[in-house]
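# Structural overview for review
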Amino acid sequence: MACYAVHINERTRAGQSLFQYLNSLGVITERLKPRRRKAIDAALEDVRKGRVYKAESVDDMFRQILG
């Protein structure tokens, strides 16, 4: 059996109608939402990978950033 992934914009009237029609036929088995990467996940990944910098003061931070 073939499996297809179709993105339907449910914010539009046409998208809602299409989704309802496909759902009534029983061809939609699972409704997946894309997982958006949250800022906290990105920050924790930076810490795990060692992409963290420390500065003694604001002036020190600007010296590190601007070189």
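Structural notes, computed from the coordinates. (Residues numbered from 1 in each chain as written. Predicted model: local features only at pLDDT ≥ 70, side-chain atom pairs only at ≥ 80, totals over all residues. Heavy atoms only, no water.)

When the charged atoms of two side chains with opposite charge come close together, those side chains can pair. Inspection of every chain in the model, using the stated rule, returns three salt bridges. A salt bridge links glutamate 45 to lysine 49; the nearest nitrogen and oxygen atoms lie 3.3 Å apart. For aspartate 46, the salt bridge goes to arginine 51, with nearest N and O atoms at 2.7 Å. Judged by its relative accessible area of 29%, aspartate 46 is partly exposed. Take arginine 51: its relative accessible area is 41%, and that puts it in the partly exposed class. Taken together, the shared-partner salt bridges connect Glu45, Asp46, Lys49 and Arg51 into one network. (Salt bridge = Lys/Arg side-chain N within 4 Å of Asp/Glu carboxyl O. Buried < 20%, exposed > 50% of the residue type's maximum accessible area, 1.4 Å probe, protein only.)

Right, let's get into the environment of threonine 12. Structurally, the position occupied by threonine 12 is in the segment before helix H1 (13-25). Within polar-contact distance, the side chain of threonine 12 engages the backbone nitrogen of glycine 15 at 3.0 Å. (Helix = DSSP H or I, 4+ residues; strand = E, 2+ residues; numbered from the N terminus. Polar contact = N/O pair within 3.5 Å; in protein donor to acceptor, adjacent residues only side chain to side chain.)

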